[in-house]
Amino acid sequence: MAKSTKAQPFGILIAALGGEGGGVLANWIVKAVSECGYYVQSTSLPGVAQRTGGTTYFIEFYPVPISDLGDQRPNLSLTPMPGRVDVVLASELIEAARTVQNGFVDPKRTTLIASSHRVFAIAEKAAMGDGTFDIGPALKACNEMAKRAVLFDMEEMAAEAGTVISSVLLGGLAGTGVVPIDPNKFEEVISNSGRAAKASLAGFRLGYDAVTNKSTASTPLAAVPDVGNVSARLRERLEGEWPIEAQYIGMSALARLTDYQNEKYAGLFLDRMAPIVTLDKEKGGARQGWNITKETARYLALRMSYEDIMRVAYLKTRKSRYDRIRDEALAKNSEPVQVREYLKPGPEELCAILPEGIGNWLLNRVRRNGNEARFHVGMHVRSDTITGFITMRLLAALRRLRKTSWRFKQETRLIESWLATVQKAGAVNYKFGVEVAECARLIKGYGNTYRRGLENFNSIMDEIVAPALSAGRNGAKAVAEARDAALADSEGKALAGIIPSAGPVEKTIGGRLLQ
Amino acid sequence: MPERSFAKEVKQLRIGTGEVFEGEGILAVTKGLLQSGISYVGGYQGAPISHLTDVLSDAQDILGELGIHLETCANEAGAVAMLGASINYPIRGAVTFKSIVGTNVASDALSNLASPGVTGGALIVLGEDYGEGSSIIQERTHAIAMKSQVWLLDPKPDLTTIVDLTEKAFELSEATNTPVLMELRARVCHMSGRFEARDNVAAEHSLNNKIETPHFDLNHISLPPGTYIQEKLKVDVRWPAAIKFIKENKLNEFHKGKIRDTGIILQGGMYNGVVRALQAFGLADEFGNSDIPLLVLNVVYPLVPDELKKFCKDKKAVLIVEEGQPKFMEHEIKSLVLDTGMKTKISGSDVMLMAGELNGEAMLRGISAFFKKHRSKDIQIAPVARAVKEMDNVQAKAAEILGEPVPLRPPGFCTGCPERPIFAAIKLVEEQIGKVHISADIGCHTFAALAPFNLGNTVLGYGLGLASSTGLSSMMSRKVVSMMGDGGFWHNGLTTGVANHVFNQDDGVLIVVSNGYSSATGHQHIPSTGTNSRDQETGMEIETALRGVGVKSVERVETYNIAKMMSTLKSAITTKKKGLKVIIAEGECRLALQRREKPKIAAALSDGKRVERVRFGVDEESCTGDHACIRLSGCPTLTIKESSDPLRKDPVTQVTNGCVGCGNCGEVAHAAILCPSFYRTTIVQNPKFMDRVLYSVRRTVIGWMQRGEMA
């Protein structure tokens, strides 16, 4: 006979990633609960996820001491059931969101304790542009769907305590007080858990305090660019000519280009931008957020500071980098740090130094039988040694040859035709102009990556932008679609779907792709 | 030594009658075996049952005391063949492996065991890898039990029931001269719980008391006329005996409920889920007392007609809760009810999930659909409907807020995995010579078929990578590249694949991924590990075995050497020379390596010895955010972050502190000429005097040359 249930079984769902100590966490909870005299059951699904990927653990216990149960035993479930989970512990934001998506986080019942940091999934990481999942909705879902949501950066705390995230999660659980277990009990269990006990305890306490003091770790902001090197003259010009909303990007650009070549070169940037800024003002950019100016400036600066071997050598020998590497490697002051660079310059890198004529001759020679790769020389430079440093700095010093080089001439041609197109498109329609400017996003990287990006850029300009312009039609939408397609896969399949001439044409048999 | 040690847990295997055992499902089964007086035990690792073999090898002294022989079998067929010991002799034995794949491999031996039948009890403990988190094709073991006519137990997920049934299984096996299968699903294998133990039992015949005289009985041989007699015995003698035993020993459970006209018949393994759903509907209490009568089948094959008739009689509708398909039980019960002329409606596949695990959600939806379809005046439908409606609302709202489904997190290679560079090399070679057909195999390396590599066109089963290429190899303009792990190589790949390839003088390339262990299942030892599970030297080598079966072209390549891997692979694929070219890709599983090295390094550090720590890094300033390096790696520690450059929109690549400095990312970026952003950092811990002098000199001089720059 179904009695009116006095106590419900208490369900705890743990969502973690392989190697984050989810199993240890489950065992701690089971031990604590069982030592408190409750009937408890746990299970897990390591499955294929034993190595990486998501794993789940599910714990249920009956919050009435076994001693009071007589010969009765509660029925404990092996799988979580939507609406009947009391606590969800998630070691990462998207894993937390996944439990919400599956309906395990119930507004009437579930307390969600999760780390707000991101561990990116392979699909997000491997994207050619920005493939990351928007954390806004993820956070919103966690906060709105949970009876109580406790989210903070546990990864930071785990690092601080020199432990893994599981102990911080347990601290968070203890802090919320939703389980009828004394926090001291958890501490006791952790203390008896062997070698890493000390670090685990530290992690536990950090998590516990974070919840009880409502203190949450803040995520670091993007560094503000150092513009100390920008000359007063250029600053004045920028402030005089540009709308205030666009000046942050403008200043960043000037700083970058001064650093890249010199003040004169940075001035060239302002000259090139002048007609764009004028156009933007004519087109009522104020209502459009000055996006033609902002986006064109952004990419113009990046393209004018293309990464040639001199630039790379310079970036790799800056003082700030040596300090960053030490911090990143968590090296103690007493510990020497050695840095080995993986450089492999080839003909095209050489052409970033050689004059145009010689460059063309050289490239024709090496590309004749399509084995340019053979002409790349591997250099494993030790930039922490004096000779290594000097080698790199000598390379960097070759920037004097930059402006007469084959590469510089090519970039100049590309930049100027692109700028002209942005103006034409902007004249037709504001958004069209912005989209064409944005297309410069495709041109990045080195070697094949750079060439592939350039080809995609060109085919969009020729096949979509040019026809639209000659017809005086707004091609904004088509350009945006083509650009997204170009960033969809590195084999150009998606783009080929829009622009047949671009990318490979796939043969199929019975609808199946032949590769 | 396997990944996980049970040295501590196995102590509990000694406890006796009255004491309470607390632990995992697989440990409970092991205890059940010891309480049943087995003489021998063996198995082949595979999730979710891998740890059972680990537990056994960790419990060798206990096995020794009881005179139990432990065998690490070559594969599942070998494991079942081992049970042949029980055909002629009154000795009990048990083996374990994963199902369905393992059972498929074993099915020839199983038929030849089932037909003559057994004298001593024979139990096969199966890890039923069906449903969420499974690593294999989705099929039920039930069909195998039916066609070989061996009994199938599906115990209620509760350690007491599991242990009792383990003991009963041997009695059933002996009472019916039939081997018995016991299926345990993944969640049950990993389930923690408690049960009251009994004393271990030493077998009459064991290592301590050997059998004197061999026994011969022509009717125990799988040859006519024996086979015809055996087939008759199955139906005339063994089947009725099984029905009788199951009834008399009440292996199946009748749960009475106050509602008369409706009932549920379920596999034992489904019990907790069914009751939880009934609780959600207010039809059961927290102790599992249900208003709906339940027939819990701890034995799902054979079914006991009398029990089923008794349960279905006078009921309007009965639901069959049976996981997966085909719905063998449902069909059998339907026809039984039909034959007896009962009016009872048998429901099952019409309301329950046909394919996939019956998890919490599936139970809620299925059982509520049953109650809605077959209304009972005694069941209030409102709370039933509400439970499902609330779930729907929550899921709908969540989906609405999230906008799009959150990204999937497929499994991949671990940080520092020595298999990663193999597939990076294949991708890079493909860029030079065009795509090749990859005939993949089972093992960690199968993950290469997933993002980011997507290398692997077919997977036909364990050790079958090379065999599955033979139909195609002669039809492909470019040579087919077959994969095989060292586990699969010894499981059957050496004969089924390599020997036969040489025998037929086929053409192709085989990459044997030699990481030293059966790694995906938890580092169980294999012949080429060098030692067996008892840590005895084996002196068996893959290359020797290959040459032994007549392979002419064998190359050993250290996987992290991307350049060498690429050139070897390229020449193997492009060479005009016919025949099998084998590349042994060598690199010890990083997890095993770490487990062995970490303590040593820690010790060296505390002794003040000089230790170099290596990690890789990416220069944010020169990274342009194309992530080609990630598409050639997928390393967990090679990830992305928001660029701190206000001009860059795309996230840049970074290496996190989990990096173990294997060098794959740097080498690949180098070999693929991707970009100059990668660098290798060596941190000298406990530096010697000269280290410090040299370093400070370098710092000073370089610092002087950098003067004037902002830090």
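Residues numbered from 1 in each chain as written. Chains lettered and ligands numbered in written order. Predicted model: local features only at pLDDT ≥ 70, side-chain atom pairs only at ≥ 80, totals over all residues. Heavy atoms only, no water.

### Quick word on the overall build of chain B
Assigned secondary structure in chain B consists of 24 helices and 24 strands. Expected size for 711 residues packed as a compact globule is a radius of gyration near 27 Å; at 30 Å, chain B falls within 12% of this value. Once the C-alpha set of chain B is aligned to its principal axes, its extents read approximately 95 × 70 × 60 Å. Burial analysis of chain B (711 residues in total) assigns 60% to the buried set. Counted over contacts in chain B with a minimum sequence separation of 6, partners at least 24 positions apart contribute 78%. (Helix = DSSP H or I, 4+ residues; strand = E, 2+ residues; numbered from the N terminus. Rg over C-alpha atoms; globule rule 2.2 N^0.38 Å. Buried < 20%, exposed > 50% of the residue type's maximum accessible area, 1.4 Å probe, protein only. Contact = heavy atoms within 4.5 Å.)

### What about the sheet that holds strand S6 (residues 151-153) of chain B?
Residues and elements named next belong to chain B. In spatial order, the strands read S3-S2-S4-S5-S7-S6-S12; together these seven strands make up an open sheet with mixed pairing. For this open sheet the edge positions go to strand S3 (69-72) and strand S12 (299-301), each flanked by a neighbour on one side alone. Going from strand to strand, the sheet's axes swing by 25° on average, the running direction of each strand aside. Helix H6 (residues 101-114) rests against strand S4 (93-99) and strand S5 (122-128) of the sheet, and its axis sits at about 135° to S4. (Pairing = 2+ DSSP bridges. Axes fitted to C-alpha atoms, helices over the stretch in contact; angles between N-to-C directions.)

### Describing a positive patch on the surface
All names here are of chain B. A cluster of like positive charges, contributed by Lys250, Lys256, Arg260 and Lys310, occupies part of the molecular surface. If you trace the backbone, lysine 310 turns up in helix H12 (residues 305-312). For lysine 310, a relative accessible area of 56% translates into the label exposed. (Patch = residues over 30% accessible without salt bridge, like charges linked within 9 Å, V, L, I, M, F, W, Y side chains within 5 Å. Areas by Shrake-Rupley, 256 points an atom, 1.4 Å probe, with all protein chains shown as cover. Salt bridge = Lys/Arg side-chain N within 4 Å of Asp/Glu carboxyl O. Lys, Arg positive; Asp, Glu negative; His and termini not counted. Charge placed at Lys NZ, Arg CZ, Asp CG, Glu CD.)

### Comments concerning the packing of aromatic side chains
Tallying each qualifying case throughout the model produces 22 aromatic pairs over all chains. Geometrically, the ring pair formed by tyrosine 260 of chain A and tyrosine 306 of chain A is edge-to-face, given 6.0 Å between the ring centres and 65° between the ring planes. Residue tyrosine 260 of chain A is located in helix H10 (residues 247-260), and its partner tyrosine 306 of chain A is located in the loop between helix H13 (291-304) and helix H14 (309-316); the two are separated by 46 residues in the primary sequence. Both residues of the pair, tyrosine 260 of chain A and tyrosine 306 of chain A, belong to the buried class. Both rings, one in phenylalanine 413 of chain B and one in phenylalanine 423 of chain B, keep their centres 5.7 Å apart while their planes meet at 15°; by these two values the pair is stacked. (Phe/Tyr/Trp six-rings, centres within 6.5 Å; stacked < 30°, edge-to-face > 60°.)

### A short note on the environment of arginine 590 of chain B
All names here are of chain B. Within the secondary structure layout, arginine 590 lies in helix H21 (residues 590-606). Here arginine 590 falls in the buried class, since its relative accessible area comes to 13%. Residues arginine 590 and valine 660, 70 residues apart in the sequence, show an inter-C-alpha distance of 9.3 Å. Not counting chain neighbours up to four residues away, the residues in contact with arginine 590 comprise Thr415, Gly416, Cys417, Pro418, Tyr560, Val660 and Cys662. Looking at arginine 590, its side chain comes within polar contact range of the main-chain oxygen of glycine 416, at 3.2 Å. (Polar contact = N/O pair within 3.5 Å; in protein donor to acceptor, adjacent residues only side chain to side chain.)

### Some remarks on the environment of threonine 293 of chain A
Residue and element names in this part refer to chain A. On the secondary structure map, threonine 293 appears in helix H13. Taking relative accessible area as the criterion, threonine 293 reaches 0% and is therefore assigned buried. In this structure threonine 293 touches Trp242, Ala246, Met273, Ile276, Val277 and Asp280, once residues within four positions along its chain are discounted.

### Describing the domain arrangement of chain A
For interface size, the figure often reported is the accessible area lost on association. Here the domain parsing of chain A yields domain 1 (10-211), domain 2 (226-304), domain 3 (309-404) and domain 4 (407-515). Using C-alpha coordinates to define each centre, domain 1 of chain A is positioned 49 Å away from domain 2 of chain A. (Domains from an automatic or database assignment.)

### Looking at the interface of chain B and chain A
At the interface, 129 residues of chain B touch 140 residues of chain A. Across the chain B/chain A interface, buried area totals approximately 11500 Å², and carbon plus sulfur atoms make up 57% of it. Our count for the chain B to chain A interface comes out at 19 salt bridges. One salt bridge in this structure joins glutamate 92 of chain A and arginine 409 of chain B, with 3.0 Å as the shortest N-O distance. Residue contributions to the side of chain B that touches chain A peak at nine residues, all from helix H24 (residues 689-705) of chain B. Here the residues of the side of chain B that touches chain A are counted per class, giving 58 nonpolar, 36 polar and 35 charged. Pairing analysis gives five bridges linking strand S7 (residues 337-341) of chain A to strand S24 (residues 678-685) of chain B, with the strands arranged antiparallel. Bridging from a neighbouring strand, glutamate 341 of chain A pairs with tyrosine 679 of chain B of S24 of chain B. (Buried area = accessible area lost by both parts, 1.4 Å probe. Nonpolar A, V, L, I, M, F, W, Y, C, P; charged D, E, K, R; others polar.)

### Observations concerning the domain arrangement of chain B
Segmenting chain B into domains produces domain 1 (9-248), domain 2 (253-402), domain 3 (420-592) and domain 4 (611-710). Summarising the inter-unit geometry, the C-alpha centres of domain 2 of chain B and domain 4 of chain B are found 59 Å apart.

### Observations regarding the side chain of threonine 624 of chain B
As for its position among the elements, threonine 624 of chain B is in the loop between strand S21 (611-618) and helix H22 (628-631). Residue classification places threonine 624 of chain B among the buried positions, given a relative accessible area of 8%. A polar contact of 3.1 Å, which involves the side chain of threonine 624 of chain B, links it to the backbone nitrogen of glycine 445 of chain A. In contact with threonine 624 of chain B, other than residues within four places in its own chain, are Glu307, Lys444, Gly445 and Tyr446 of chain A together with Arg648 of chain B.

### Describing the packing of helix H21 (residues 447-470) of chain A against helix H22 (residues 476-486) of chain A
All names here are of chain A. Interaxial distance between H21 and H22 falls to 10 Å at its minimum, and their mutual angle equals 155°. Compared by their axis directions, H21 and H22 come out roughly antiparallel. Like other packed secondary-structure pairs, H21 and H22 cross with a definite hand, here right-handed. Every residue of H22 that contacts H21 at Asn456, Ile460, Ile464 and Val465 is listed here: Ala478, Val479, Ala482, Arg483 and Ala486. Split into classes, the residues belonging to the contact of H21 with H22 amount to seven nonpolar, one polar and one charged. (Parallel < 35°, antiparallel > 145°, perpendicular 65-115°, else oblique. Left-handed = near helix turned anticlockwise from the far one by under 90°.)

### Re unusual backbone geometry
All names here are of chain B. Cis geometry is adopted by the peptide bond preceding proline 48, which originates at alanine 47 and carries an omega value of 0°. Geometrically, the link from serine 99 to isoleucine 100 is a cis peptide bond, its omega value of 15° lying close to zero. Of note in the backbone geometry, glutamine 149 takes a positive phi value of approximately 50° without being a glycine. By relative accessible area, which is 9% here, glutamine 149 ends up buried. Positive phi, normally seen in glycine, also occurs at aspartate 314, with a value near 65°. Relative to the helices and strands, aspartate 314 is located in the loop between H12 and strand S13 (317-321).

### Quick look at H21 of chain B
Given 3.6 residues per turn, any residue in an α-helix points the same way as the ones three and four places further on. All names here are of chain B. Across its 17 residues, H21 extends 23 Å between first and last C-alpha, which sits within 8% of the 24 Å expected from 1.5 Å per residue. At glutamate 597, H21 is deflected by roughly 30°, the largest bend along its length, and proline proline 599 occurs up to four residues later in sequence. Within the sequence span of H21, burial applies to Arg590, Ala592 and Ala604. Of the residues flanking the end of H21, it is glycine 608, one or two places downstream, whose phi is positive at about 75°. (Expected span 1.5 Å × (residues − 1). Bend = angle between axes of the 7 residues up to and from the residue.)

### As for the pattern of salt bridges
All names here are of chain B. Enumeration according to the criterion identifies 89 salt bridges over all chains in this entry. As a salt-bridge pair, arginine 187 and glutamate 357 come within 2.8 Å of each other at their nearest N and O atoms. With a gap of 170 residues between them, arginine 187 in helix H9 (residues 186-189) and glutamate 357 in the loop between strand S14 (345-347) and helix H14 (360-373) connect regions that are remote in the sequence. For arginine 187, a relative accessible area of 8% gives the class buried. Since its relative accessible area comes to 13%, glutamate 357 is described here as buried. For aspartate 350, the salt bridge goes to lysine 373, with nearest N and O atoms at 2.7 Å.

### So, the packing of helix H1 (residues 25-35) of chain B against helix H8 (residues 159-176) of chain B
Residue and element names in this part refer to chain B. Between H1 and H8, whose axes approach to 9 Å, the crossing angle comes to 35°. Crossing handedness for the pair H1 and H8: right-handed. The residues of H8 that touch H1, namely those facing Gly25, Ala28, Val29, Gly32, Leu33 and Gln35, are Leu159, Ile162, Val163, Thr166, Glu167 and Phe170. Here the contact of H1 with H8 is built from residues that sort into seven nonpolar, four polar and one charged.

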